[in-house]
Amino acid sequence: MMTSPPHRRYWMAIGPATLLLPFLAACASPGPPRPPSLNLARTVTDLAAERVGDEVNLRWTTPSNTTDGLGVKGPLTAQICRETAPTRPHPICTPVTRLHVKPGPSQATDALPAALTSDPETLIAYQVQIFNANDRAAGPSHPAYAAAGAAPAPVEGLRAEPSREGATIEWQPQPASASWVELERTLPPAFSKTGTPAKPAAPKSPLRLSPDEPASLRLQTPKDVSDRGGTLDRTARKTETYSYRAQRVRSVTFEGHTVELRSAPSGAVTVRIADTFPPQQPAGLAAVPGEAAGSIDLSWQPLPDTDLAGYLVYRRAAAGWQKLTASPVVGPAFTDSTATGGQAYTYRVTAIDTTGNESQPSHEVEETANQE
């Protein structure tokens, strides 16, 4: 009887399926293990700096993810550094403050030393790094620029009063100043009828509007006009209450970087735009005999008042002026169909707004109605 060689008997014992197991296990392997995350927060990408008085306000978004795409774990610390004259060779970004932060909107304030709050004006740059619990960071942000030097003088004597055109705002002027005045107007919810800020509506306003937070609006006086100590906010709506703060702003440019120096903000003043001002006096009143007998046609120039309800027409009678219109006339025209042919009549017109304020009367005109 013949027997198989030992190696053949071993092959038959384990079988080919058993030999495939290591191969299959190798195919199911996820690969080499990944190194543990260093938990480094991503670098900040939106650092912004604003010089206000003797301070620089810094804002940024602290990242919520690490450099390898995972969620940041543990406490985070932001380190702010300041660099003076960053265009010089080999500048040094000196740490000025460290503070605890959380992922999301973050801010810090750098109180400038006395040497940086007096002239000459100099460019300064800021960077922020986010450190983890092991005091390690992925690197600094791109720089955000501000200006060192003397800030503009604060606005003093700010006051606001209602006027027929909106809100009249005044302050102590500085005609020789190279700065302009920026106003921040807020609409306190407690006084608002709608809960939303007023919408700009008057293109004739000397104020130029810039986008700002939904709860407030920024308005600025023209940059190329000397400080006259006041302006008119034509966008203020009647019956609303507004608060105003003011800052002087000066723009400077260093090596292609244009930055602003702002004064410390003034105290707030509040004004209610009471609707006690009548519309403008109608102008251009004219009268001609109507086509129908015993009628006279009147016309006048329309008024631009946004709260105008219409016009009232008056005719002089023996007992004085008689109102011919029971309710306001919407358009700038009216036909008196109650006249007697061949008789002369004198007319005048007033404007009235939605709250009943009536203007001064127009000039008077006289006309004779046609006879039949």
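Residues numbered from 1 in each chain as written. Predicted model: local features only at pLDDT ≥ 70, side-chain atom pairs only at ≥ 80, totals over all residues. Heavy atoms only, no water.

*Asks:* Break down the pairing of strand β2 (residues 55-62) for me, citing the residues and quoting the values.
*Replies:* Examined bridge by bridge, strand β1 (residues 48-52) and β2 share 5 bridges and lie antiparallel to one another. Within β2, the position partnered with R51 by the bridge is V56. From the end of β1 to the start of β2, which pair antiparallel, there are 2 residues, and G53 there has a positive phi angle of about 60°. Judged from the 8 bridges that link them, β2 and strand β5 (residues 104-111) form a sheet pairing that is antiparallel. What sits directly across from R59, in β5, is Q107. (Pairing = 2+ DSSP bridges. Helix = DSSP H or I, 4+ residues; strand = E, 2+ residues; numbered from the N terminus.)

*Asks:* Could you give an account of the sheet that holds strand β18 (residues 296-299), with specific residues and numbers?
*Replies:* Strands sit in the order β17-β18-β21 across an open sheet of 3 strands; the sheet is antiparallel. Each edge of the open sheet is held by one strand with a lone partner, namely β17 (286-289) and β21 (333-336). The mean angle between the axes of side-by-side strands here comes to 20°, regardless of whether they run parallel or antiparallel. Relative to β18, β17 is paired through 4 bridges, and the arrangement is antiparallel. Directly across from V288, in β18, lies its bridge partner D297. (Axes fitted to C-alpha atoms, helices over the stretch in contact; angles between N-to-C directions.)

*Asks:* An account of the packing of aromatic side chains is needed here, citing residue identities and associated values.
*Replies:* This model, assessed by the stated rule, comprises 3 aromatic pairs. Taking the centre distance of 5.4 Å and the plane angle of 65° together, the rings of W300 and Y311 count as edge-to-face. With a gap of 11 residues between them, W300 in the loop between β18 and β19 (308-317) and Y311 in strand β19 connect regions that are remote in the sequence. Residue W300 shares its accessibility class with Y311, and that shared class is buried. Taking the centre distance of 6.5 Å and the plane angle of 45° together, the rings of Y345 and Y347 count as tilted. As far as burial versus exposure is concerned, Y345 and Y347 are alike and both buried. The ring of W180 has K223 sitting right over it, with the charged end atom 4.5 Å from the ring centre. (Phe/Tyr/Trp six-rings, centres within 6.5 Å; stacked < 30°, edge-to-face > 60°. Buried < 20%, exposed > 50% of the residue type's maximum accessible area, 1.4 Å probe, protein only. Lys NZ or Arg CZ within 6 Å of the ring centre and 35° of its normal.)

*Asks:* Account for the nonpolar core, with residues named and values stated.
*Replies:* Among the nonpolar cores identified, the biggest contains 21 residues, and L47, W60, Y126, V128 and I130 are the most heavily contacted of them. With 4 residues, the single largest contributor to this core is strand β6 (residues 122-131). (Core = buried A, V, L, I, M, F, W, Y, C linked by side-chain atoms within 4.5 Å.)

*Asks:* Could you give me a rundown of unusual backbone geometry, with the residues and numbers involved?
*Replies:* In this structure, the amide linkage connecting D119 to the following residue, P120, adopts the cis form with an omega of 10°. Looking at where P120 falls in the secondary structure, it is placed in the loop between β5 and β6. Non-glycine residue D135 carries a positive phi angle of around 60°. Locating D135 in the fold gives a position in the loop between β6 and β7 (144-148). A positive phi is found at E255, a non-glycine position, where the angle reads about 50°. Structurally, the position occupied by E255 is in the loop between β14 (241-254) and β15 (257-262).

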